[in-house]
Amino acid sequence: MNPTASGESRTSRRLIPLALFFGTLLLVGATLKDYGVTWDEPPYFHATDLHMRWVTGFVESAAQSDLQKSLDDQSIKEAWHWNPYNVPHPPFSRIVSGFPHTVASPFLDNFSAYRVGPALFFDVLVTVMFVWMRELFGTATGLFSALATVLTPNLFGHAHFAVTDLPLATMWFLTAYCFWKGLASWKWSVILGVVWGLALSTKFPAVLIVVPLVLWAHLFHRDRYSNNLVALLFLGPAVMVATQPYLWHQTGLRVLEFVYEGISRGYRPETNFAVFFFNQTVFSNQLPWYYPFFIVGVTTPEPILFLALVGIASLLWNREQRSAVVLFLGNAAFVMMLGLMPGAVLHDGVRQMLSALPFIAALAGAGFYALAGGVQRLAQRGSASPSIGNLRIKIAAIVLVLFCFSPALDLHLSHPFQLSFYNRLVGGIRGAYASGLETTYFMEAFTPAFLQTLNEKIPANASINASFANFMFVLYQKQGLLRPDINITIDSDFDYLVLLNRRSALTPRRRYLIDTTSNPYISVTLAGVPLVSVFQFRAPGRQ
């Protein structure tokens, strides 16, 4: 049964998703310029340009009925397999970034134009969240779940970065939705095959999406998922190959290469980065088994986490939507349990578990539905309840505001450092920092505002050493965001030291420098926790 009010007009049913899509696009678009370029983005930007040049050349060659050059294996490798170390993932998210970049470049700065792509992924995620939850629980729950998605700091932050993590989270959730719809319609099974194929063209973990879906279907709908299974087996891989030109030559061998590269990342030293966990620098295979669950738990806003637990508890009495709630729980748990597998990589905070967060938002929606319904039943027992009009709507609105206020405030106060968010279970970012957890890692803390301060305060012809972030400052200088007279050096002879406080990548001496210097030359902080520190080692021009 669809709990959506029967009186809801067809117009409003279409208008709300459209409003959510464009409202989210406007919100993310208005904040694209607030973040620094992240660690992985520069090679992704270049790879996007190579893809678009190839697409342009392909279209021009097709118009002239001469595709030989475009389809040549060497041309394809140059455009689609340019740098497999720095750009190891399939191209779908970069294709989605490339077309908006072409359109938006005249109106936005270069970096923001690339980032319209992930913003679109996020808009789709928020909209599908609303549509799915409305089908299950009604409009109020759909709205809350969509807002919970927007107000999850790591989802909102990653919506601004042209990398693969948010696109994978979106495609995982969208694949689950299509699988659920495909139980009742073969047309949705076809859509499922296409969507999963695009997910496979986004990032390697998408290969595993089918595991929790098929297990769930076999438990709850074992007589209804055959069409889905056929679409997954035959259509999904075909779409994956069709959207990756690199796979058009030596297809079998290169698919095996794709699988090997994905499985082996955790075993290769050049792709296995350290994690700073309770003042210890360790690698993924040295982390305790509970790490994935812990890091998700302490980086999700407490009201959303609480309602997600209520949603899980509602399995005990909510029979009507029980299978859907198990689907959400199974996918969230499965993503986190991937961190327990041999060869898993878990660096960069919650980034590797980002695909679990939409399902946690959906569980929170189930909890919202259960809580609002419980409050309504209690209120209806009161003597004054018959005189209160639209009681159900008013209760839902009150619960929505109560549980969204704190996450909305946290999102605002942490902007544009949402990736550094920790909830109050560990004392916020201050408590997390004092406990020895990583509070920044992706270089987004080198914000445009920080670069402007650097340009204003660093004397002419001064030299800076940014340690492992030197390459990013070279990029900023090439893009005209850092003064050209500033000399960026890796030598020990420099005037200013610029440190991103990624403690897993810093030496003990430099961590000590950040923690014991009360007044650095320039600093970027969040709630008093240093994210970036600039230290003056000597006056420019002095030897």
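Note that the structure is a prediction, hence the values are computed from the model and not measured.

Quick look at the overall build of the protein
Here is step 1 of the chain: On a plain count of helices and strands, the protein comes out with 23 helices and seven strands.
Here is step 2 of the chain: Expected size for 543 residues packed as a compact globule is a radius of gyration near 24 Å; at 25 Å, the protein falls within 12% of this value.
Here is step 3 of the chain: C-alpha atoms of the protein, sized along the principal axes, occupy 80 × 65 × 45 Å.
Here is step 4 of the chain: Every one of the 543 residues in the protein was classed for burial, and the buried ones make up 56%.
Here is step 5 of the chain: At a minimum sequence separation of 6, the contacts of the protein that also span at least 24 residues come to 77%.
Here is step 6 of the chain: Surface summary for the protein: the accessible area is close to 23,700 Å², and the carbon and sulfur share equals 63%.
Here is step 7 of the chain: For the protein, the distance from the average position of its 37 positive side-chain charges to the average position of its 30 negative side-chain charges is 10 Å.

Notes on the sheet that holds strand β6 (residues 522-526)
Here is step 1 of the chain: Judged by pairing direction, the sheet is mixed, and its five strands sit side by side in the order β4-β3-β5-β7-β6 without closing on themselves. Where the open sheet ends on each side, the last strands, each with one partner, are β4 (487-488) and β6.
Here is step 2 of the chain: As judged from the two bridges shared by strand β3 (residues 463-465) and β4, these two strands associate in the parallel manner. Looking across to β4, one finds that isoleucine 464 is bridged to isoleucine 488.
Here is step 3 of the chain: Strands β5 (496-500) and β7 (529-536) of the sheet are contacted by helix α23 (residues 508-516), whose axis makes an angle of about 95 degrees with β5.

Quick look at the packing of aromatic side chains
Here is step 1 of the chain: Summed over all chains, the structure comprises 41 aromatic pairs.
Here is step 2 of the chain: Between the aromatic rings of tryptophan 132 and phenylalanine 328, the centroid separation amounts to 5.0 Å while the plane-to-plane angle is 75 degrees, which identifies the pairing as edge-to-face. Taken together, the positions of tryptophan 132 in helix α7 (residues 116-137) and phenylalanine 328 in helix α17 (residues 322-337) put the pair 196 residues apart, joining distant regions of the chain.
Here is step 3 of the chain: Aromatic rings pair up to connect Phe45, Phe111, Tyr114, Phe446, Phe450, Phe473 and Tyr476 into one cluster.
Here is step 4 of the chain: Positioned above the aromatic ring of tyrosine 521 is the side chain of lysine 457, whose terminal nitrogen or guanidinium carbon lies 5.0 Å from the ring centre.

Focus: helix α1 (residues 10-31)
Here is step 1 of the chain: For α1, built from 22 residues, the straight-helix expectation of 32 Å at 1.5 Å per residue is met to within 8% by its first-to-last C-alpha distance of 33 Å.
Here is step 2 of the chain: Within α1, the full set of buried residues consists of Pro17, Leu20, Thr24, Val28 and Thr31. Buried residues of α1 fall within an arc of 90 degrees about the axis and therefore sit on the same side. The exposed set on the far side of α1, more than 90 degrees from its buried face, consists of Arg10, Thr11, Arg14, Leu15, Leu26 and Ala30.
Here is step 3 of the chain: Contact partners of the buried residues in α1: α7, α8 (139-150) and α9 (153-158).

About the criteria used
- Residues numbered from 1 in each chain as written.
- Predicted model: local features only at pLDDT ≥ 70, side-chain atom pairs only at ≥ 80, totals over all residues.
- Heavy atoms only, no water.
- Helix = DSSP H or I, 4+ residues; strand = E, 2+ residues; numbered from the N terminus.
- Rg over C-alpha atoms; globule rule 2.2 N^0.38 Å.
- Buried < 20%, exposed > 50% of the residue type's maximum accessible area, 1.4 Å probe, protein only.
- Contact = heavy atoms within 4.5 Å.
- Areas by Shrake-Rupley, 256 points an atom, 1.4 Å probe, with all protein chains shown as cover.
- Lys, Arg positive; Asp, Glu negative; His and termini not counted.
- Charge placed at Lys NZ, Arg CZ, Asp CG, Glu CD.
- Pairing = 2+ DSSP bridges.
- Axes fitted to C-alpha atoms, helices over the stretch in contact; angles between N-to-C directions.
- Phe/Tyr/Trp six-rings, centres within 6.5 Å; stacked < 30°, edge-to-face > 60°.
- Lys NZ or Arg CZ within 6 Å of the ring centre and 35° of its normal.
- Expected span 1.5 Å × (residues − 1).
- Arc of directions from axis to C-beta.

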